[in-house]
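Understanding the architecture of this molecule
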Amino acid sequence: VSTLLEKKQARAKDTLAAVGIQIEDSELQQMLEQVRQVSIPRIRSGEFQGKELTELLHAMTRLSNEQSFVELLKCSSDSLVKAVPDMAPRALALVANAMAHGKLREGLVMLQVAKRGAETIDEADAAAVAALCHAFGHVGVYHHRLIFAIKKRLPEVLSELSPAEVAGSLNGLAKAVAPLQKKDPSEVAFDEVSPRGFGTAVRPL
């Protein structure tokens, strides 16, 4: 089931079909909902922690019922707050993506992810950098230290970014320009001289 949940819905159906199991979208969603219901009491009891909890939340972003997914996120928040300070960049990106998917922008989880992300950004690969940038832009959370750490790291991993990751990074940086309160956001976006400018990251992208 965990392998199935990690795949996008269409790919999950193809995976099952390859071994002779035909499944409809509604049945797949029912399976996801059953996993969610079983997981919640185990999360609350502390059974899911760190990597296991991160992978579960990432898998459950395929759940189409937004309210059910948000409930899962909220019951996971205490465990995430404890686990995030020890997470690697890839895990942080998965948590940020899950929070963005659930449109949860407030609380300690995103603050913890931002702090830890800024601390570990030099260890992050291209996918993790792009995912963090996109997630924080998508959910509308601006964290100065993280965004400027991402701005510095992006040119270093540029050659490894996929087209989708480039687009996601640009979207995240575009959302980050707004809190700087410039009359013309392009002044910040393409400024390669000022420490507050994003040009060193935006122009290469």
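Because the structure is a prediction, the values reported are computed rather than measured. (Residues numbered from 1 in each chain as written. Predicted model: local features only at pLDDT ≥ 70, side-chain atom pairs only at ≥ 80, totals over all residues. Heavy atoms only, no water.)

Taken as a whole, the protein shows an average pLDDT of 79; of its residues, 74% reach a score of 70 or greater. No element of the protein has a lower mean pLDDT than helix α1 (residues 2-5), at 47, and none a higher one than helix α7 (residues 108-120), at 93. Across residues 1-7, where pLDDT falls below 50, the model places 16 contacts with residues more than four positions away in sequence or in other chains. (pLDDT = per-residue confidence, 0-100. Helix = DSSP H or I, 4+ residues; strand = E, 2+ residues; numbered from the N terminus. Contact = heavy atoms within 4.5 Å.)

Remark: helix α4 (residues 50-60) packs on helix α6 (residues 89-101), axes separated minimally by 9 Å, with the N-to-C direction vectors making an angle of 40 degrees. Relative to α6, the element α4 is oriented oblique. When the axes of α4 and α6 are compared, the crossing they make is left-handed. Contacts between α4 and α6 involve Thr54, Leu57 and His58 from the first element and Ala91, Leu94, Val95, Asn97 and Ala98 from the second. (Axes fitted to C-alpha atoms, helices over the stretch in contact; angles between N-to-C directions. Parallel < 35°, antiparallel > 145°, perpendicular 65-115°, else oblique. Left-handed = near helix turned anticlockwise from the far one by under 90°.)

Counting 52 residues, the largest nonpolar core has Met60, Met87, Val113, Leu132, Phe136 and Ile150 as its most contacted members. At the level of secondary structure, the elements contributing two or more residues to this core comprise α3 (25-44), α4, α5 (66-83), α6, α7, α8 (126-139), α9 (144-157) and α10 (163-177). The element contributing the most residues to this core is α8, with 9 residues. Excluding anything up to four places from it in sequence, Leu132 contacts Leu92, Ala93, Ala96, Val113, Ile121 and Ile150. (Core = buried A, V, L, I, M, F, W, Y, C linked by side-chain atoms within 4.5 Å. Buried < 20%, exposed > 50% of the residue type's maximum accessible area, 1.4 Å probe, protein only.)

The backbone phi angle of Lys103 is positive, close to 60 degrees, even though this residue is not glycine. Inspection of the secondary structure puts Lys103 in the loop between α6 and α7. Taking relative accessible area as the criterion, Lys103 reaches 54% and is therefore assigned exposed.

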